[in-house]
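# Remarks on the overall topology
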Amino acid sequence: NYRIPQEFSAELNTSLLGGSFTIEGLSKNKKIAALVGVRYRNNNLFINSKDIETNANPNFTDVQAYLNYVINSKLKISFLGNYALNNYKYIPKTRKTKFGTIDNPTALIVYYEGNEKDKFSSTFGAIKVDYLVNKHLNVSMSNSIYHSIEEEYYDIFAQYNLGDINNDFASENFGDVNNIESIGSQLNHARNNLDALLFSSNVNATFKKENHQIDFGLKFQQEDIRDQINEW
């Protein structure tokens, strides 16, 4: 449920992670109402890990709009629209993880090459018509469409070393990794795509009389989803 604005107002919020802006208003004849919001967020300050050194830049943007037009006391039209774009870029560099016991500490050191680029976008739009037949019967008709595109692309090559940690407090090389025991590598590749298109249309009616209410309706929905996964 979205509220209907009763007067003009605007709000702006900002932070180190992004910001948002909302504006709303009502026409002089109070027949047209609009509510629009924009948001942006960047989470690169959150995802830096102590174990993994990376260059990461995930950012999220979305725009929403809700419009109402009152034609007369019985007929009203409303529109709801939303667009969202999420980008994720990840470039791992190195990783160093220590585990084991105090007497036998072990370190895992990984060196990376390559990157991951993901993109998720979605668009949604809906138009609804409400008609008040009489004080007992209300009929509404709505049509909506939703389109989503997802891309997951990455080629990341990792080379890892497994060795012992120098735990001699008197040594100048205390904490360094010595005696490399295992060497290995791994390559991850993906070209994954998802394209989904959904359309729906429905008619609903509500009948109220005294303490009784009856809801009934009819809905049609069509879905076209293409999912291609190619990874190894």
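What follows concerns the overall build of the protein. Along the protein, the regular secondary structure elements total zero helices and ten strands. In the protein, the share of contacts with a sequence separation of at least 24, taken over all contacts with a separation of at least 6, comes to 59%. Taken as a whole, the protein presents about 16,100 Å² of accessible surface, with 54% of it coming from carbon and sulfur.

Our focus in this paragraph is the packing of aromatic side chains. In the structure shown here, the tally under the stated rule is two aromatic pairs. Arranged with centres 5.4 Å apart and planes meeting at 35°, the rings of tyrosine 2 and tyrosine 66 form a pair that is tilted. One end of the pair, tyrosine 2, is in the segment before strand S1 (9-15); the other, tyrosine 66, is in strand S5 (residues 59-70), and 64 residues separate them in sequence. Assessed through its relative accessible area of 14%, tyrosine 66 is described here as buried. On the basis of an interplanar angle of 15° and a centroid distance of 6.2 Å, the ring pair of tyrosine 88 and tyrosine 90 is categorised as stacked. Judged by its relative accessible area of 18%, tyrosine 90 is buried. The ring of tyrosine 153 has arginine 191 lying over it, and the distance from NZ or CZ to the ring centre is 5.5 Å.

This part covers the environment of asparagine 29. Within the secondary structure layout, asparagine 29 lies in the loop between strand S2 (18-26) and strand S3 (32-42). Separated by 41 residues in sequence, asparagine 29 and valine 70 have C-alpha atoms that sit 9.9 Å apart. In terms of polar contacts, asparagine 29 uses its side chain to reach the side chain of serine 27, at 2.6 Å. Within polar-contact distance, the side chain of asparagine 29 engages the backbone nitrogen of lysine 31 at 3.1 Å.

Calculation notes
- Chains are numbered independently. Their residues run from 1 in the order of the written sequence.
- Only residues with pLDDT of 70 or above have their local features reported here, since the model is predicted, and side-chain atom pairs are shown and tallied only from 80 upward, although totals for entire chains, interfaces and linings are computed over all residues.
- Derived side-chain values reflect all non-hydrogen atoms in the structure, with water molecules and hydrogen atoms excluded from consideration.
- Going along the chain from the N terminus, every DSSP run of H or I of four or more residues is numbered as a helix, and every run of E of two or more is numbered as a strand.
- Two residues form a contact once any of their heavy atoms are found within 4.5 Å.
- Here the accessible surface of atoms and residues is derived via Shrake-Rupley with a 1.4 Å probe, and residues count as covered only by protein chains that are part of the display.
- A pair of aromatic rings is counted whenever rings of Phe, Tyr or Trp (Trp by its six-membered ring) have centres within 6.5 Å, and the orientation is called stacked for planes under 30 degrees apart, edge-to-face for over 60 and tilted otherwise.
- With a 1.4 Å probe rolled over the protein chains alone, any residue whose accessible area is under 20% of its type maximum counts as buried; one over 50% counts as exposed, and the rest are partly exposed.
- In this analysis the charged atom, NZ for Lys or CZ for Arg, is taken to sit over a ring once it is within 6 Å of the ring centre and within 35 degrees of the ring normal.
- Polar contact criterion, stated in full: a pair of N or O atoms within 3.5 Å, where within protein one must be able to donate a hydrogen and the other to accept it, and residues adjacent in sequence count only if both atoms are side-chain atoms.

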